[in-house]
Amino acid sequence: MIGRKHDCVYVNGAWQTAHSTDRIDLIDPATESWVASVVDGDAEDVAMAAAAARDALPGWAETSSTERANLIAALADAYDQRREEFASLVTAQNGAVISRSRRTNGTRPVALYRHYAEVARTFRAEAPGPNAQGIVRREPIGVVGIIIPWNAPQSLLAHKLGPALAAGCTVVVKPSPETSLDSLLIGEIATSVGFPAGVINVVTGGRTTGSALVEEHGIDMISFTGSTSAGRAIAARCGELLKPVVAELGGKSAAIVLDDADLSLFAEKLIATCLPNTGQVCYSCTRVIVPRSRFDEVLEVVTTTLGDAVLGSPQDPAASFGPLASATQRERVEEYIDSARAEGARVVLGGGRPAGLSTGYYVEPTVLIDVDRTMRVFREEIFGPVLVVVPHDGDEDAIRIANDSSYGLGGAVFSEDIERATDVARRMQTGGISINGQERSEAAPSSGYKDSGLGGDAGVDAHVQFKSIAWPPRTLIQGV
Ligand code: NAD
């Protein structure tokens, strides 16, 4: 995969030479060296993939729940065998530190595929209707166009592919150009474990390829994860086309530290909760809201923990912070830090490029205080290693500050009193909240509030079309 000029897309169970002659170069964000080039798919490539998915649809839709479950489980097993390869492949493309990539592009997708295999096993396409007067059917919605970002591509793909396949849909995947190679590999692995040709197709490319997927009349539904601005544009277009859309979008989440929090536990969970993947995770709690009475103490914990964390090559197993995924991403983050300074915030840690790392798109973990709630760094998603630390005057005030956001995706509460923390969490306008850094199970649904999503995480039922067949009383039909 690495070091090659790829001229193919993965369609109908095989590599197919692409119609498009445009290519995208993939660059290693740690070394700034060339990794590979991939096809920048055009509308013809998308149409070819959609046609293959459509041809495969009736056969796949008719497979039993058990057959689908067994194939998804086989995909999980095959992924598990090659999870180290996936983790390194993603790290080479997006610079995610290897310890994290081993989870988000290694063990987590395996767990997700195993979870969706069980969901498929218990999926019932047909059930008696209310009052036994007929039946209710859940038919696959059709061909699903999956568009994903680059930050944790394989977890995000599994999260979308799993329910679509379980429901009996076929798919066309459009990965982010930054992380194309791992998705192409999924197509190949799916065929090797026995998925029928055309059930999973992969067309690489950028925004134009994504737009072509949205426009393609052979695509029945769009399942998108990415930025709020792109999601808004896609959802608007899907509205015009009356094409169902699920959109999982950006965030600016809050970690609330209550006055009884155990700060050593908070320190232990800080990076995973607030700046995972060098801050390039949608649910990163980049607004840390701390009791005014303990502000200096908490700030000291934050700056010491981040200051001591290893920033360096993503291949270093000890590294907690690596480069940003692209030069553009670094520019964007630096621009936010400049805007904070210009608006009067104070940088108490980091704020620039690290000394001694002149190659690679690195930015130091950065902590800002004296941040006003009108500032861009408080309100907008930065998608980099930048935290704002803001004081609160009690639980009510903390909730008010946390909810003062147009986003509502993740969140965290730190407290020794789980009941009190849960009460705070209940009142936060956000989809997924961790208490004391507890990670969510793959089986636990959550969806973005406000600008963080539209119909997200609805699972299998987002991928079905309901049909009710009513019959006269006392009808007896065999098998129902
Ligand atoms: P992005 O929106 O720029 O791109 C995401 C994907 O959409 C890419 O594949 C891209 O090529 C495609 N795309 C972009 N514009 C498009 C358009 N107009 N039509 C069709 N396709 C289009 O996002 P990104 O920079 O790749 O990823 C970072 C963003 O993703 C952040 O905002 C982050 O919060 C969000 N994200 C959200 C979740 C979630 O579950 N809510 C998870 C991960 C990332």
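Residues numbered from 1 in each chain as written. Predicted model: local features only at pLDDT ≥ 70, side-chain atom pairs only at ≥ 80, totals over all residues. Heavy atoms only, no water.

## Overview of the environment of alanine 443
Relative to the helices and strands, alanine 443 is located in the loop between strand E19 (434-435) and strand E20 (449-450). For alanine 443, a relative accessible area of 47% corresponds to the partly exposed category. The spacing of alanine 443 and tyrosine 116 is 327 residues in sequence and 8.8 Å in space, taken between C-alpha atoms. (Helix = DSSP H or I, 4+ residues; strand = E, 2+ residues; numbered from the N terminus. Buried < 20%, exposed > 50% of the residue type's maximum accessible area, 1.4 Å probe, protein only.)

## Some thoughts on the sheet that holds strand E6 (residues 135-140)
By way of backbone hydrogen bonds, the strands of a sheet pair with one another, either parallel or antiparallel. Taking strand neighbours across the sheet as the criterion, the three strands line up as E5-E6-E22 in an open arrangement whose pairing is antiparallel. Every other strand in the sheet has two partners, leaving strand E5 (126-128) and strand E22 (464-469) as the edge strands with one partner each. Between one strand axis and the next, the sheet turns by 20 degrees as a mean value, whatever way the strands run. As judged from the six bridges shared by E6 and E22, these two strands associate in the antiparallel manner. Bridged to valine 136 within E22 is serine 468. (Pairing = 2+ DSSP bridges. Axes fitted to C-alpha atoms, helices over the stretch in contact; angles between N-to-C directions.)

## Some thoughts on the site of the ligand
Taken together, 27 residues lie around the ligand, and Ile148, Lys174, Ser227, Leu249 and Glu381 are the ones closest in. Here a nitrogen atom of the ligand and a side-chain polar atom of arginine 207 are 3.3 Å apart. Side-chain polar atom of serine 227 to an oxygen atom of the ligand: 2.6 Å apart, as the coordinates give it. Expressed as a share of its isolated accessible area of 840 Å², the protein-covered part of the ligand is 88%. Looking at the shell around the ligand, the elements that each hand over two or more residues are helix H7 (207-215), strand E10 (221-225) and helix H8 (228-241). (Near = heavy atom within 4 Å. Polar contact = N/O pair within 3.5 Å; in protein donor to acceptor, adjacent residues only side chain to side chain. Areas by Shrake-Rupley, 256 points an atom, 1.4 Å probe, with all protein chains shown as cover.)

## Re the sheet that holds strand E12 (residues 254-257)
Overall, mixed pairing links the seven strands, which are arranged E14-E15-E16-E13-E12-E18-E19 in an open sheet. One side of each edge strand has no neighbouring strand; the edge strands of this open sheet are strand E14 (346-349) and E19. Alignment of E12 against strand E13 (residues 287-291), held across three bridges, turns out to be parallel. Across the sheet, the residue bridging to alanine 255 is valine 288, located in E13.

## Overview of the pattern of salt bridges
When the charged atoms of two side chains with opposite charge come close together, those side chains can pair. Within the structure shown, the criterion is met by 34 salt bridges. A salt bridge links arginine 376 to glutamate 335; the shortest N-O distance between them is 3.2 Å. A residue pair is termed long-range when its members are at least 10 positions apart, and arginine 376 in helix H12 (residues 376-379) and glutamate 335 in helix H11 (residues 327-343) qualify at 41 residues. Taking relative accessible area as the criterion, glutamate 335 reaches 41% and is therefore assigned partly exposed. In this structure, a network of salt bridges that share partners links the residues Asp77, Asp80, Arg83 and Arg114. (Salt bridge = Lys/Arg side-chain N within 4 Å of Asp/Glu carboxyl O.)

## Some remarks on the side chain of threonine 366
Its location among the elements puts threonine 366 in strand E15 (residues 366-369). In this structure threonine 366 comes out as buried when scored by relative accessible area, which is 0%. Within the local environment of threonine 366, its side chain forms a polar contact with the backbone nitrogen of glycine 351, the two atoms lying 2.9 Å apart. Excluding residues that lie within four positions of it along the chain, threonine 366 makes contacts with Ile337, Val347, Leu349, Gly350, Gly351, Gly352, Pro385, Val386 and Leu387. (Contact = heavy atoms within 4.5 Å.)

## Brief notes about unusual backbone geometry
In the Ramachandran plot, asparagine 277 falls in the positive-phi region, its phi being about 55 degrees despite a non-glycine side chain. Secondary-structure assignment places asparagine 277 in the loop between helix H9 (263-274) and E13. Asparagine 277 gets classed as buried once you look at its relative accessible area, which sits at 5%. One non-glycine residue, lysine 450, lies in the positive phi region at around 50 degrees. Tracing the backbone through its elements, the reader meets lysine 450 in strand E20.

## Quick notes on the environment of isoleucine 2
Its location among the elements puts isoleucine 2 in the segment before strand E1 (8-11). Separated by 180 residues in sequence, isoleucine 2 and aspartate 182 place their C-alpha atoms 10 Å apart. Setting aside residues up to four positions removed in sequence, isoleucine 2 forms contacts with Val35, Leu89, Ala92 and Leu181.

## Considerations on the environment of valine 97
Topologically, valine 97 is positioned in the loop between helix H3 (83-94) and helix H4 (98-121). Residue classification places valine 97 among the buried residues on the basis of a relative accessible area of 4%. Separated by 223 residues in sequence, valine 97 and serine 320 have C-alpha atoms that sit 6.5 Å apart.

## With respect to the packing of helix H2 (residues 65-81) against helix H5 (residues 153-167)
The N-to-C vectors of H2 and H5 enclose an angle of 160 degrees; their axes lie 9 Å apart at closest approach. By the angle between their directions, the pair H2 and H5 is classed as roughly antiparallel. Seen along the crossing, H2 lies across H5 with a hand that is right-handed. Counted together, Arg68, Ile72 and Tyr79 of H2 and Gln154, Gly162, Leu165, Ala166 and Ala167 of H5 form the full contact between these two elements. Class assignment for the residues of the contact of H2 with H5 results in five nonpolar, two polar and one charged. (Parallel < 35°, antiparallel > 145°, perpendicular 65-115°, else oblique. Left-handed = near helix turned anticlockwise from the far one by under 90°. Nonpolar A, V, L, I, M, F, W, Y, C, P; charged D, E, K, R; others polar.)

## With respect to the nonpolar core
Tyr113, Leu161 and Phe195 are the most contacted members of the largest nonpolar core, which has 55 residues in total. At eight residues, the largest contribution of residues to this core is made by H5. Among all residues touching leucine 161, those that are not within four sequence positions of it are Tyr113, Ile146, Val171, Ile186 and Ile200. Within the second largest apolar cluster, 30 residues are counted, among which are Ile337, Val363, Ile382 and Val390. (Core = buried A, V, L, I, M, F, W, Y, C linked by side-chain atoms within 4.5 Å.)

## Examining the domain arrangement of the protein chain
In many analyses, interface size is given as the accessible surface area lost on bringing the parts together. One can read the domain layout of the protein chain as domain 1 (8-249 + 453-469) and domain 2 (254-441). Look at where the C-alpha atoms of domain 1 and domain 2 centre, and you get two points 31 Å apart. Contacts between the two partners involve 21 residues from domain 1, matched on the other side by 29 residues from domain 2. Of all residues in domain 1, Val97, Arg100 and Trp150 give up the largest surface area on contact with domain 2, accounting jointly for 26% of the area buried on that side. Remark: the boundary between domain 1 and domain 2 carries two salt bridges. Between glutamate 439 and arginine 103 there is a salt bridge, with the nearest N and O atoms lying 3.3 Å from each other. The interface formed by domain 1 and domain 2 includes six residue pairs in polar contact (both at pLDDT 80 or more). (Domains from an automatic or database assignment. Buried area = accessible area lost by both parts, 1.4 Å probe.)

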